[in-house]
Amino acid sequence: MATPSNPIDEAVIVVMRSDSTRADVEHVAERLRDIGAEAHVSPGKHRTVVGAIGDRAAITQLPFEAFPGVERAVPVVSSFKFVSRDFQADDTIVDVGGVKVGGGNLAVIAGPCAVENRDQLFASAEAAKQGGANILRGDAFKPRTSPYSFQGLGEKGLELLTEARETFGMPFIAEVVDPRDVELVASYADLIRVGTRNMANFTLLSELGKQPKPVLLKRGFTATIEEWLNAAAEYIYKEGNHDVIMCERGIRTFETATRNTLDIAAVPVVKRLSHLPIVVDPSHSGGRRELVAPLTRAAIAVGADGFMIDVHADPETALVDGAQAIVPREFLELMETVRKLADVLGVTY
Ligand code: PEP
Ligand code: MN
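Right, let's walk through the structure included here.

About the criteria used
- Residues numbered from 1 in each chain as written.
- Chains lettered and ligands numbered in written order.
- Predicted model: local features only at pLDDT ≥ 70, side-chain atom pairs only at ≥ 80, totals over all residues.
- Heavy atoms only, no water.
- Donors = N, O, S within 2.8 Å, 3.2 Å for Na, K, Ca; no water.
- Buried < 20%, exposed > 50% of the residue type's maximum accessible area, 1.4 Å probe, protein only.
- Near = heavy atom within 4 Å.
- Polar contact = N/O pair within 3.5 Å; in protein donor to acceptor, adjacent residues only side chain to side chain.
- Areas by Shrake-Rupley, 256 points an atom, 1.4 Å probe, with all protein chains shown as cover.
- Nonpolar A, V, L, I, M, F, W, Y, C, P; charged D, E, K, R; others polar.
- Pairing = 2+ DSSP bridges.
- Helix = DSSP H or I, 4+ residues; strand = E, 2+ residues; numbered from the N terminus.
- Axes fitted to C-alpha atoms, helices over the stretch in contact; angles between N-to-C directions.
- Contact = heavy atoms within 4.5 Å.
- Salt bridge = Lys/Arg side-chain N within 4 Å of Asp/Glu carboxyl O.
- Disulfide = S-S within 2.5 Å.
- Parallel < 35°, antiparallel > 145°, perpendicular 65-115°, else oblique.
- Left-handed = near helix turned anticlockwise from the far one by under 90°.
- Right-handed = clockwise from strand over helix to strand, strands pointing away.

Considerations on the coordination of the manganese ion (ligand 2)
Listed as protein donors to the manganese ion (ligand 2) are Cys113 (SG), His284 (NE2) and Asp321 (OD); their distances from the metal cover 1.9 to 2.1 Å. Classification of Cys113 by relative accessible area gives buried; the value is 3%.

Set out below in C-alpha coordinates:
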(Lines give C-alpha, C1' and ligand atoms only; values in the text may rest on other atoms or scores of the structure.)
(Ligands and ions follow the chains in the order given, each with its own letter.)
Protein backbone atom coordinates (compact mmCIF):
# COMPACT_ATOMS: atom_id res chain seq x y z
CA MET A 1 0.00 0.00 0.00
CA ALA A 2 2.43 2.65 -1.12
CA THR A 3 1.39 6.26 -1.19
CA PRO A 4 1.12 7.47 -4.79
CA SER A 5 4.16 9.44 -5.76
CA ASN A 6 3.22 11.06 -9.09
CA PRO A 7 3.58 14.78 -8.78
CA ILE A 8 0.24 16.58 -8.93
CA ASP A 9 -0.30 19.74 -10.89
CA GLU A 10 -1.85 22.76 -9.36
CA ALA A 11 -3.29 25.69 -11.26
CA VAL A 12 -3.62 29.09 -9.64
CA ILE A 13 -5.02 32.27 -11.15
CA VAL A 14 -3.11 35.24 -9.81
CA VAL A 15 -5.17 38.41 -10.20
CA MET A 16 -3.07 41.59 -10.24
CA ARG A 17 -4.35 44.86 -8.79
CA SER A 18 -5.48 47.50 -11.29
CA ASP A 19 -2.56 49.74 -10.20
CA SER A 20 0.07 47.00 -10.44
CA THR A 21 3.10 47.70 -12.58
CA ARG A 22 4.72 45.69 -15.31
CA ALA A 23 7.58 44.97 -12.90
CA ASP A 24 5.06 43.49 -10.40
CA VAL A 25 3.73 41.13 -13.07
CA GLU A 26 7.23 40.17 -14.13
CA HIS A 27 8.14 39.47 -10.48
CA VAL A 28 5.25 36.97 -10.16
CA ALA A 29 6.25 35.26 -13.41
CA GLU A 30 9.87 35.11 -12.30
CA ARG A 31 9.05 33.54 -8.92
CA LEU A 32 7.00 30.91 -10.77
CA ARG A 33 9.77 30.14 -13.24
CA ASP A 34 12.22 29.85 -10.31
CA ILE A 35 10.27 26.87 -8.99
CA GLY A 36 9.89 25.29 -12.43
CA ALA A 37 6.25 26.30 -12.92
CA GLU A 38 4.73 27.90 -16.00
CA ALA A 39 3.45 31.46 -15.94
CA HIS A 40 0.89 32.57 -18.53
CA VAL A 41 0.45 36.30 -18.47
CA SER A 42 -2.82 37.69 -19.84
CA PRO A 43 -2.85 41.44 -19.92
CA GLY A 44 -6.42 42.83 -19.81
CA LYS A 45 -7.66 46.35 -20.43
CA HIS A 46 -7.86 47.14 -16.70
CA ARG A 47 -6.19 44.22 -15.05
CA THR A 48 -3.65 41.53 -15.72
CA VAL A 49 -3.95 37.93 -14.58
CA VAL A 50 -1.18 35.38 -14.38
CA GLY A 51 -2.11 31.75 -14.85
CA ALA A 52 0.27 29.55 -12.85
CA ILE A 53 0.61 25.83 -13.55
CA GLY A 54 3.11 23.52 -11.93
CA ASP A 55 3.89 21.07 -9.17
CA ARG A 56 1.40 21.51 -6.34
CA ALA A 57 3.84 21.15 -3.49
CA ALA A 58 6.00 23.92 -4.91
CA ILE A 59 3.22 26.25 -6.03
CA THR A 60 1.30 26.13 -2.76
CA GLN A 61 4.43 27.35 -0.96
CA LEU A 62 4.39 30.65 -2.86
CA PRO A 63 2.76 33.46 -0.82
CA PHE A 64 1.29 35.18 -3.91
CA GLU A 65 -0.79 37.61 -1.92
CA ALA A 66 2.36 38.95 -0.24
CA PHE A 67 3.91 39.90 -3.61
CA PRO A 68 3.68 43.55 -4.65
CA GLY A 69 0.72 44.32 -6.92
CA VAL A 70 -1.15 41.05 -6.32
CA GLU A 71 -4.81 41.36 -5.38
CA ARG A 72 -5.60 37.69 -4.82
CA ALA A 73 -4.63 34.18 -5.85
CA VAL A 74 -7.37 31.67 -6.60
CA PRO A 75 -6.58 27.95 -6.81
CA VAL A 76 -8.34 26.27 -9.73
CA VAL A 77 -7.62 22.68 -8.89
CA SER A 78 -9.25 21.19 -5.78
CA SER A 79 -7.34 21.05 -2.51
CA PHE A 80 -7.63 17.28 -2.22
CA LYS A 81 -5.16 15.35 -4.29
CA PHE A 82 -4.97 11.58 -4.24
CA VAL A 83 -8.71 10.97 -4.23
CA SER A 84 -9.36 13.36 -7.11
CA ARG A 85 -10.26 12.31 -10.65
CA ASP A 86 -7.28 14.35 -11.81
CA PHE A 87 -5.05 11.89 -10.00
CA GLN A 88 -6.88 8.72 -11.06
CA ALA A 89 -9.40 8.72 -13.89
CA ASP A 90 -10.74 5.18 -13.33
CA ASP A 91 -13.19 4.34 -10.56
CA THR A 92 -11.66 2.76 -7.49
CA ILE A 93 -13.15 -0.64 -6.75
CA VAL A 94 -12.93 -1.55 -3.08
CA ASP A 95 -12.87 -5.20 -2.05
CA VAL A 96 -14.82 -5.78 1.16
CA GLY A 97 -14.17 -9.36 2.20
CA GLY A 98 -14.69 -10.52 -1.40
CA VAL A 99 -17.55 -8.11 -2.23
CA LYS A 100 -16.66 -5.51 -4.84
CA VAL A 101 -17.87 -1.96 -4.24
CA GLY A 102 -17.61 0.77 -6.92
CA GLY A 103 -17.05 0.73 -10.67
CA GLY A 104 -20.64 -0.38 -11.31
CA ASN A 105 -20.85 -2.90 -8.45
CA LEU A 106 -23.64 -2.19 -5.96
CA ALA A 107 -23.09 -2.58 -2.21
CA VAL A 108 -26.21 -3.51 -0.30
CA ILE A 109 -25.40 -3.05 3.38
CA ALA A 110 -28.11 -3.99 5.87
CA GLY A 111 -28.51 -4.97 9.50
CA PRO A 112 -29.27 -3.49 12.88
CA CYS A 113 -27.94 -0.11 13.90
CA ALA A 114 -26.38 -1.69 17.01
CA VAL A 115 -25.74 -5.25 18.11
CA GLU A 116 -27.96 -5.68 21.18
CA ASN A 117 -27.81 -9.45 21.67
CA ARG A 118 -27.38 -12.63 19.63
CA ASP A 119 -31.06 -13.21 18.79
CA GLN A 120 -31.63 -9.62 17.72
CA LEU A 121 -28.51 -9.61 15.51
CA PHE A 122 -29.27 -12.97 13.93
CA ALA A 123 -32.91 -12.09 13.16
CA SER A 124 -31.75 -8.97 11.37
CA ALA A 125 -28.84 -10.69 9.61
CA GLU A 126 -31.14 -13.41 8.35
CA ALA A 127 -33.47 -10.80 6.85
CA ALA A 128 -30.50 -8.99 5.31
CA LYS A 129 -29.31 -12.23 3.71
CA GLN A 130 -32.78 -13.21 2.51
CA GLY A 131 -33.31 -9.81 0.92
CA GLY A 132 -30.00 -10.08 -0.92
CA ALA A 133 -27.73 -7.79 1.09
CA ASN A 134 -24.06 -8.46 0.44
CA ILE A 135 -22.61 -6.75 3.54
CA LEU A 136 -23.96 -6.96 7.10
CA ARG A 137 -24.03 -3.89 9.34
CA GLY A 138 -24.10 -3.82 13.14
CA ASP A 139 -22.26 -1.75 15.73
CA ALA A 140 -20.41 -2.81 18.80
CA PHE A 141 -19.35 0.70 19.74
CA LYS A 142 -22.10 3.33 19.63
CA PRO A 143 -21.26 6.98 20.11
CA ARG A 144 -24.51 8.55 21.32
CA THR A 145 -25.72 12.07 21.71
CA SER A 146 -26.34 11.33 25.39
CA PRO A 147 -23.65 9.65 27.49
CA TYR A 148 -26.42 7.80 29.37
CA SER A 149 -27.79 6.04 26.28
CA PHE A 150 -26.78 2.46 25.34
CA GLN A 151 -23.14 2.57 24.22
CA GLY A 152 -22.84 -0.84 22.56
CA LEU A 153 -21.54 -4.28 23.61
CA GLY A 154 -17.89 -3.62 22.78
CA GLU A 155 -15.76 -6.65 21.86
CA LYS A 156 -18.63 -9.03 22.66
CA GLY A 157 -20.57 -7.32 19.84
CA LEU A 158 -17.68 -7.89 17.42
CA GLU A 159 -17.61 -11.56 18.37
CA LEU A 160 -21.32 -11.89 17.64
CA LEU A 161 -20.87 -10.14 14.28
CA THR A 162 -18.06 -12.57 13.44
CA GLU A 163 -20.37 -15.47 14.25
CA ALA A 164 -23.08 -13.94 12.03
CA ARG A 165 -20.54 -13.52 9.21
CA GLU A 166 -19.76 -17.24 9.34
CA THR A 167 -23.43 -18.25 9.62
CA PHE A 168 -24.76 -16.06 6.80
CA GLY A 169 -21.66 -15.78 4.63
CA MET A 170 -21.58 -11.99 4.56
CA PRO A 171 -18.67 -9.69 5.44
CA PHE A 172 -19.58 -7.06 8.02
CA ILE A 173 -19.08 -3.38 8.71
CA ALA A 174 -18.74 -1.91 12.19
CA GLU A 175 -17.91 1.53 13.50
CA VAL A 176 -14.76 2.51 15.32
CA VAL A 177 -15.00 5.52 17.59
CA ASP A 178 -11.71 5.67 19.44
CA PRO A 179 -8.23 5.58 17.85
CA ARG A 180 -7.23 3.15 20.63
CA ASP A 181 -9.80 0.63 19.33
CA VAL A 182 -8.69 0.65 15.66
CA GLU A 183 -6.57 -2.47 16.00
CA LEU A 184 -9.33 -4.33 17.85
CA VAL A 185 -12.09 -3.44 15.36
CA ALA A 186 -9.77 -4.10 12.39
CA SER A 187 -9.02 -7.57 13.76
CA TYR A 188 -12.72 -8.49 13.41
CA ALA A 189 -14.48 -6.26 10.84
CA ASP A 190 -14.22 -6.47 7.04
CA LEU A 191 -15.07 -2.79 6.61
CA ILE A 192 -14.58 -0.12 9.25
CA ARG A 193 -16.96 2.79 9.50
CA VAL A 194 -16.16 6.32 10.57
CA GLY A 195 -19.31 7.98 11.85
CA THR A 196 -20.48 11.48 11.07
CA ARG A 197 -19.24 12.84 14.41
CA ASN A 198 -15.74 11.57 13.73
CA MET A 199 -15.26 12.63 10.12
CA ALA A 200 -12.85 15.32 11.25
CA ASN A 201 -11.16 13.25 13.96
CA PHE A 202 -7.82 13.35 12.21
CA THR A 203 -6.02 11.14 14.73
CA LEU A 204 -8.59 8.41 14.13
CA LEU A 205 -8.40 8.86 10.34
CA SER A 206 -4.60 8.63 10.35
CA GLU A 207 -4.73 5.42 12.38
CA LEU A 208 -7.21 3.99 9.86
CA GLY A 209 -4.86 4.95 7.07
CA LYS A 210 -2.18 2.74 8.58
CA GLN A 211 -4.17 -0.48 8.85
CA PRO A 212 -5.21 -2.82 6.01
CA LYS A 213 -9.04 -2.96 6.25
CA PRO A 214 -11.19 -0.79 3.96
CA VAL A 215 -12.85 2.26 5.49
CA LEU A 216 -16.32 3.71 4.95
CA LEU A 217 -16.16 7.42 5.72
CA LYS A 218 -19.46 9.05 6.58
CA ARG A 219 -19.91 12.70 5.77
CA GLY A 220 -19.78 15.01 8.79
CA PHE A 221 -23.23 16.50 9.24
CA THR A 222 -21.79 20.00 8.98
CA ALA A 223 -19.07 19.20 6.43
CA THR A 224 -18.82 20.50 2.89
CA ILE A 225 -18.02 17.97 0.16
CA GLU A 226 -14.54 19.43 -0.11
CA GLU A 227 -13.88 19.02 3.63
CA TRP A 228 -15.13 15.46 3.42
CA LEU A 229 -12.88 14.59 0.47
CA ASN A 230 -9.98 16.22 2.23
CA ALA A 231 -10.61 14.08 5.29
CA ALA A 232 -10.51 10.97 3.15
CA ALA A 233 -7.62 12.11 1.03
CA GLU A 234 -5.26 13.69 3.44
CA TYR A 235 -5.79 11.51 6.43
CA ILE A 236 -6.63 8.00 5.23
CA TYR A 237 -5.46 7.68 1.64
CA LYS A 238 -2.22 9.56 2.24
CA GLU A 239 -1.20 7.15 5.02
CA GLY A 240 -1.30 4.31 2.48
CA ASN A 241 -4.83 2.91 2.77
CA HIS A 242 -6.48 3.45 -0.61
CA ASP A 243 -9.63 1.47 0.09
CA VAL A 244 -11.99 4.26 1.07
CA ILE A 245 -15.75 4.36 0.45
CA MET A 246 -17.59 7.66 0.89
CA CYS A 247 -21.03 7.62 2.54
CA GLU A 248 -23.55 10.46 2.23
CA ARG A 249 -25.74 10.38 5.34
CA GLY A 250 -27.44 13.76 5.33
CA ILE A 251 -26.38 17.15 6.60
CA ARG A 252 -27.83 19.54 9.16
CA THR A 253 -29.99 22.24 7.64
CA PHE A 254 -32.88 24.43 8.85
CA GLU A 255 -35.31 21.65 7.87
CA THR A 256 -36.84 19.79 10.81
CA ALA A 257 -39.20 17.41 8.98
CA THR A 258 -36.33 14.97 8.49
CA ARG A 259 -33.53 14.01 10.88
CA ASN A 260 -30.96 15.30 8.40
CA THR A 261 -31.25 16.61 4.86
CA LEU A 262 -30.05 13.95 2.43
CA ASP A 263 -27.81 15.76 -0.03
CA ILE A 264 -28.59 13.56 -3.00
CA ALA A 265 -26.60 15.84 -5.33
CA ALA A 266 -23.49 14.93 -3.35
CA VAL A 267 -23.49 11.58 -5.18
CA PRO A 268 -22.89 12.90 -8.72
CA VAL A 269 -20.73 15.72 -7.37
CA VAL A 270 -18.39 13.31 -5.54
CA LYS A 271 -18.37 10.95 -8.53
CA ARG A 272 -17.24 13.78 -10.76
CA LEU A 273 -14.60 15.07 -8.34
CA SER A 274 -13.30 11.74 -7.07
CA HIS A 275 -12.62 8.17 -8.16
CA LEU A 276 -13.77 6.78 -4.79
CA PRO A 277 -17.06 4.86 -4.53
CA ILE A 278 -19.93 6.60 -2.76
CA VAL A 279 -22.88 4.99 -1.00
CA VAL A 280 -25.96 6.52 0.64
CA ASP A 281 -27.44 5.97 4.11
CA PRO A 282 -31.19 6.53 3.75
CA SER A 283 -31.83 5.52 7.39
CA HIS A 284 -29.72 8.07 9.26
CA SER A 285 -30.52 10.83 6.77
CA GLY A 286 -34.31 10.65 6.76
CA GLY A 287 -34.53 9.32 10.30
CA ARG A 288 -37.97 7.83 9.62
CA ARG A 289 -38.99 4.37 8.45
CA GLU A 290 -41.29 5.55 5.65
CA LEU A 291 -38.52 7.57 4.02
CA VAL A 292 -36.09 4.66 3.67
CA ALA A 293 -37.55 3.13 0.49
CA PRO A 294 -38.00 6.38 -1.48
CA LEU A 295 -34.52 7.64 -0.51
CA THR A 296 -32.97 4.29 -1.46
CA ARG A 297 -34.63 4.44 -4.87
CA ALA A 298 -33.33 7.99 -5.32
CA ALA A 299 -29.80 6.90 -4.34
CA ILE A 300 -29.70 4.16 -6.96
CA ALA A 301 -31.22 6.38 -9.63
CA VAL A 302 -28.65 9.12 -9.03
CA GLY A 303 -25.75 6.67 -9.44
CA ALA A 304 -24.74 5.70 -5.90
CA ASP A 305 -22.47 2.66 -5.59
CA GLY A 306 -24.68 1.24 -2.88
CA PHE A 307 -26.69 1.99 0.24
CA MET A 308 -26.71 1.11 3.91
CA ILE A 309 -29.98 0.43 5.74
CA ASP A 310 -30.97 -0.19 9.36
CA VAL A 311 -33.08 -3.38 9.53
CA HIS A 312 -34.52 -4.54 12.86
CA ALA A 313 -36.94 -7.43 13.45
CA ASP A 314 -38.65 -5.54 16.27
CA PRO A 315 -37.99 -1.80 16.01
CA GLU A 316 -40.28 -1.08 18.96
CA THR A 317 -37.78 -2.68 21.32
CA ALA A 318 -34.64 -1.41 19.55
CA LEU A 319 -32.11 0.17 21.91
CA VAL A 320 -30.93 2.52 19.16
CA ASP A 321 -32.68 4.25 16.24
CA GLY A 322 -35.90 2.18 16.26
CA ALA A 323 -37.86 4.92 14.47
CA GLN A 324 -35.82 4.62 11.29
CA ALA A 325 -35.34 0.85 11.17
CA ILE A 326 -37.38 -1.04 8.61
CA VAL A 327 -38.67 -4.52 9.39
CA PRO A 328 -37.55 -7.62 7.43
CA ARG A 329 -40.72 -7.66 5.28
CA GLU A 330 -40.17 -4.04 4.21
CA PHE A 331 -36.56 -4.82 3.37
CA LEU A 332 -37.58 -7.76 1.17
CA GLU A 333 -40.11 -5.57 -0.67
CA LEU A 334 -37.61 -2.79 -1.16
CA MET A 335 -35.04 -5.22 -2.53
CA GLU A 336 -37.43 -6.35 -5.26
CA THR A 337 -37.54 -2.77 -6.50
CA VAL A 338 -33.77 -2.42 -6.10
CA ARG A 339 -33.20 -5.43 -8.36
CA LYS A 340 -35.42 -3.91 -11.06
CA LEU A 341 -33.70 -0.54 -10.83
CA ALA A 342 -30.24 -2.11 -10.91
CA ASP A 343 -31.31 -3.98 -14.02
CA VAL A 344 -32.59 -0.87 -15.81
CA LEU A 345 -29.47 1.10 -14.88
CA GLY A 346 -27.05 -1.68 -15.80
CA VAL A 347 -25.57 -1.88 -12.31
CA THR A 348 -24.00 -5.18 -11.27
CA TYR A 349 -25.67 -6.60 -8.24
C1 PEP B 1 -24.73 4.66 12.02
O2 PEP B 1 -24.57 4.40 10.82
O3 PEP B 1 -25.13 3.83 12.85
C4 PEP B 1 -24.48 6.02 12.52
C5 PEP B 1 -24.38 6.29 13.81
O6 PEP B 1 -24.43 6.93 11.55
P7 PEP B 1 -23.96 8.45 11.59
O8 PEP B 1 -22.57 8.45 12.13
O9 PEP B 1 -24.06 8.86 10.16
O10 PEP B 1 -24.94 9.19 12.46
MN1 MN C 1 -28.01 4.46 14.06
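Here we look at the site of ligand 1
Neighbouring ligand 1 are the residues Cys113, Arg137, Asp139, Lys142, Arg193, Gly195, Thr196, Arg197, Lys218, Arg249, Asp281 and His284. Arg137 is positioned with one of its side-chain polar atoms (N or O) 2.7 Å from an oxygen atom of ligand 1. Between Thr196 and ligand 1, the recorded distance is 2.8 Å, taken from a backbone N or O atom to an oxygen atom. For ligand 1, whose free accessible area comes to 290 Å², the fraction covered by protein is 97%. Tallied by class, the residues present in the shell around ligand 1 amount to one nonpolar, three polar and eight charged.

Brief notes about the sheet that holds strand 1 (residues 9–16)
Strand order in the open sheet made by the four strands is 2-3-1-4, with antiparallel pairing throughout. Strands with a single pairing partner mark the edges of an open sheet, and in this sheet they are strand 2 (38–43) and strand 4 (70–75). Strand-to-strand twist of the sheet, defined as the mean angle between neighbouring strand axes without regard to direction, takes the value 20 degrees. In this structure, strand 2 lies alongside strand 3 (residues 48–55), joined through six bridges in antiparallel fashion. Bridge pairing links Ala39 to Ala52 in strand 3. In the packing of helix 1 (residues 22–34) onto the sheet, contacts are made with strand 1, strand 2, strand 3 and strand 4, and the angle to strand 3 comes to roughly 5 degrees.

Topic: helix 6 (residues 202–209)
By the burial criterion, the buried members of helix 6 are Leu204, Leu205, Ser206, Leu208 and Gly209. Elements in contact with the buried residues of helix 6: helix 5 (182–188), strand 10 (191–194), strand 11 (215–218) and helix 7 (225–235).

Observations concerning the environment of Gln120
Looking at the secondary structure, you find Gln120 in helix 3 (residues 118–131). With 177 residues separating them along the chain, Gln120 and Arg297 place their C-alpha atoms 27 Å apart. When near neighbours in sequence (up to four residues on either side) are disregarded, Gln120 contacts Pro112, Ala114, Val115 and His312.

Description of the pattern of salt bridges
According to the stated counting rule, one finds 24 salt bridges in the structure shown. Between Arg33 and Glu26 there is a salt bridge, with the nearest N and O atoms lying 2.7 Å from each other. Judged by its relative accessible area of 39%, Glu26 falls in the partly exposed class. The shortest N-O distance in the salt bridge between Glu166 and Arg165 comes to 3.1 Å.

Some points on the state of the cysteines
Per the stated rule, a full pass over the model turns up zero disulfides. Residue Cys247 stays outside any disulfide, its sulfur separated by 12 Å from that of Cys113, the closest cysteine. Using a relative accessible area of 0% as the deciding quantity, one classes Cys247 as buried.

A word on the packing of helix 7 against helix 8 (residues 266–273)
With their axes 11 Å apart at the nearest point, helix 7 and helix 8 run at an angle of 50 degrees to one another. Here helix 7 lies oblique to helix 8, going by the angle between them. The hand of the helix 7/helix 8 crossing is right-handed. Seen from helix 7, the contacting residues are Ile225, Trp228 and Leu229; seen from helix 8, they are Ala266, Val269, Val270 and Leu273. Its residues placed into classes, the contact of helix 7 with helix 8 shows seven nonpolar, no polar and no charged.

A look at unusual backbone geometry
Phi is positive for Asp321, which is not a glycine, with a value near 55 degrees. Assignment of secondary structure puts Asp321 in the loop between strand 14 (306–310) and helix 11 (328–345).

Here we look at the pairing of strand 10
Neither face of strand 10 is open: one carries Leu191 and Arg193, the other Ile192 and Val194, and all of them are buried. Pairing of strand 9 (residues 172–175) with strand 10 involves three bridges; the strand directions are parallel. Among the inter-strand pairings, Glu175 is bridged to a residue of strand 10, identified as Arg193. In this fold, strand 9 hands off to helix 5, which returns the chain to strand 10; that crossover is right-handed. In the sheet, strand 10 pairs with strand 11 via three bridges, with the strands oriented parallel. The residue bridging Val194 from the neighbouring strand is Leu217, located in strand 11. For the crossover from strand 10 across helix 6 to strand 11, the handedness is right-handed.

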